[in-house]
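Topology and contacts: notes
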Amino acid sequence: MKSWKGFLALGIVYFLTVADTLAQCAMCRGTVESTMSNGRNQVAVGLNTGILYLFVTPYLLVAVIIFLWIRTSKKEHGKRLEISSRVRRAMSSM
């Protein structure tokens, strides 16, 4: 339980401190430089937002799947413990 909170805190700190998250590939950089020289800054902002969106989406999907898997396994473990305690009580009452 404590380990996932540590990873979450580490991830938040990482995303808040990384200054180079708005990096681009060479082709995108060329497009942005040519449009910025023309005075249109909105293309660069939109391109950077799209890059960040494409970067974060797979990690969020994996995190949601892991969260759901852990939650389901904890519920199943609780059910197994409940069944085993019922069996023990039934065997001890005989």
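Residues numbered from 1 in each chain as written. Predicted model: local features only at pLDDT ≥ 70, side-chain atom pairs only at ≥ 80, totals over all residues. Heavy atoms only, no water.

**As for the overall build of the protein chain**
- Within the protein chain, the regular secondary structure consists of three helices and zero strands.
- Reading the protein chain from its N terminus to its C terminus gives the helix and strand order α-α-α.
- Within the protein chain, buried positions represent 4% of all 94 residues.
- In the structure as shown, the protein chain presents an accessible area of about 8400 Å², 70% of it carried by carbon and sulfur atoms. (Helix = DSSP H or I, 4+ residues; strand = E, 2+ residues; numbered from the N terminus. Buried < 20%, exposed > 50% of the residue type's maximum accessible area, 1.4 Å probe, protein only. Areas by Shrake-Rupley, 256 points an atom, 1.4 Å probe, with all protein chains shown as cover.)

**Topic: the pattern of salt bridges**
- Using the criterion set out here, one finds one salt bridge in the structure.
- The partner of Arg86 in a salt bridge is Glu82, and the shortest N-O contact between them spans 2.7 Å. Pair noted here: Arg86 and Glu82 are both in helix α3 (residues 42-92), with a separation of four residues, about one helical turn.
- Given the relative accessible area of 40%, Glu82 is considered partly exposed. (Salt bridge = Lys/Arg side-chain N within 4 Å of Asp/Glu carboxyl O.)

**Focus on a nonpolar patch on the surface**
- A cluster of nonpolar side chains, Trp4, Leu8, Ile12 and Leu16, forms an exposed patch at the surface whose accessible area comes to about 460 Å².
- If you trace the backbone, Leu16 turns up in helix α1 (residues 2-17). (Patch = residues over 30% accessible without salt bridge, like charges linked within 9 Å, V, L, I, M, F, W, Y side chains within 5 Å.)

**Looking at the confidence of the model for the protein chain**
- Residue-level pLDDT values for the protein chain average 79, and 84% of them are 70 or greater.
- Within the protein chain, α3 carries the highest mean pLDDT (87), whereas helix α2 (residues 26-37) carries the lowest (72). (pLDDT = per-residue confidence, 0-100.)

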